[in-house]
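Report on the structure
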Amino acid sequence: MINKQQMLKIQNLHVNTNDKEIIAGLNLLVNQGEIHAIMGKNGSGKSTLAKVISGHPSYQITKGSILFKDKDITHEEPENRSHQGIFLAFQYPIEVPGVSNIDFLRLAYNCKQKKLNKPEIDPLSFFKLINNEIQDININPLFLNRYLNEGFSGGEKKKNEILQMCLLKSELSILDEIDSGLDVDALKSISSNIKKFANKDNAIILITHYQKLIDYIKPDYVHVMDQGKIILTGNATIASNIDKYGYEYIPLQK
C-alpha cells in the first residue's frame, strides 16, 4: 500500500470573528490525490473554514494549527499561501470593472512565477497558454477581453474560478459552493472540469449543499459540519441520506 503525502492537516482549530467563535475544535486531514466534500446547514462554519485555510484577515485563529505539506501556515499571509499552492474559488466572485479578465489572469500567473523564481511570461505567450486552458474548459475566447466578472452569468463566474484554478495548477483547491446558481448543463460542465483537474499530486475540498455535485464528482470523503466542527465523516451515502431525510438523521449516526 502506497502512503499518501499529507496535503492539509488541521488540528483542534478554533476561530473567532467579531468576538464570536465560528470554528470550535475542528480536525481535518486531506492527503494528496483525494477529493473531500464538506456539507452542513447554513451557519455551520463551512465557508468560514474555507476562508481561514486561505488566510482571510477577518478571522482570528485563537487555538490550533493548519499545516500545508507539513509546513505550519496558521498565521501565514494569504498571498504566501496562494503562491505555495492553495486556491480558493469564491462562492460569490466579485466584479472588477476596468480590469480585463486576461490582464487579471496574466498578473496572477506571473506573480506566482516570480514567487517560484521562474520566468514571467509575455502577453503573446500568455495568450497562447490561456487559449489552451479555455478550450479545455469550453469558454468562448471573447470572455477573456471582458472586465473581470462584470456582467458575467452565474455559470460564467464559476467557470472563471475553475479557469484560475487550472491556470495556477493549484495543489490544494477549495471550491466554496462552486455549484450554487448553476443550471444542469453548467453544473455538468463544471463537474467534468473538476474531475479532469484532479490528479494524484493535488487535492480538492468541495463545500456544497447539494447531492448533485457529489453524484457527479464522487469525492473520496464526505464530512458534515455542525456548530464549527466536523461531526460525521463517511462516503457519498451521507449526502444521499441528507438529500432524503435532511440533517435530522445525522444525530443517529454520531
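Okay, so let's go over this structure. Note that the coordinates shown come from a computational prediction; the quantities given were computed from them, not determined experimentally.

1. Here's the deal with the sheet that holds strand β4 (residues 60-68)
Sheet strands associate in pairs through backbone hydrogen bonding, adopting either a parallel or an antiparallel arrangement. Strand order across the open sheet formed by four strands is β2-β1-β4-β5, with antiparallel pairing between neighbours. Each of the sheet's edge strands pairs with one partner strand only, and the pair in question is β2 (20-31) and β5 (71-72). Bridge count for β4 against β5 is two bridges, and the pairing is antiparallel. Across the sheet, the residue bridging to F68 is K71, located in β5. Those strands touched by helix α1 (residues 46-54) are β1 (6-17), β2 and β4, and its axis lies near 115° from that of β1.

2. A few points about the nonpolar core
Judged by nonpolar contacts, the single largest core of 45 residues is most densely connected at I130, I162, L175, I194 and L206. Once residues within four sequence positions are removed from consideration, L206 is found in contact with I35, H36, A37, I38, L175, I194, L213 and I217. V30, I73, I86 and L172 belong to the second-largest nonpolar core, a separate cluster that totals 28 residues.

3. Description of the pairing of strand β9 (residues 172-176)
When you tally the buried positions in β9, you get five out of five residues, the bulk of the element. Here β9 shows two buried faces, one formed by L172, I174 and D176 and the other by S173 and L175. Relative to β9, strand β6 (residues 86-89) runs parallel, the two being bridged by four bridges. Within β9, the position partnered with L88 by the bridge is I174.

What counts, and where the lines are drawn
- Residues numbered from 1 in each chain as written.
- Predicted model: local features only at pLDDT ≥ 70, side-chain atom pairs only at ≥ 80, totals over all residues.
- Heavy atoms only, no water.
- Pairing = 2+ DSSP bridges.
- Helix = DSSP H or I, 4+ residues; strand = E, 2+ residues; numbered from the N terminus.
- Contact = heavy atoms within 4.5 Å.
- Axes fitted to C-alpha atoms, helices over the stretch in contact; angles between N-to-C directions.
- Core = buried A, V, L, I, M, F, W, Y, C linked by side-chain atoms within 4.5 Å.
- Buried < 20%, exposed > 50% of the residue type's maximum accessible area, 1.4 Å probe, protein only.

None of the figures reported here should be taken as evidence of function without further support.
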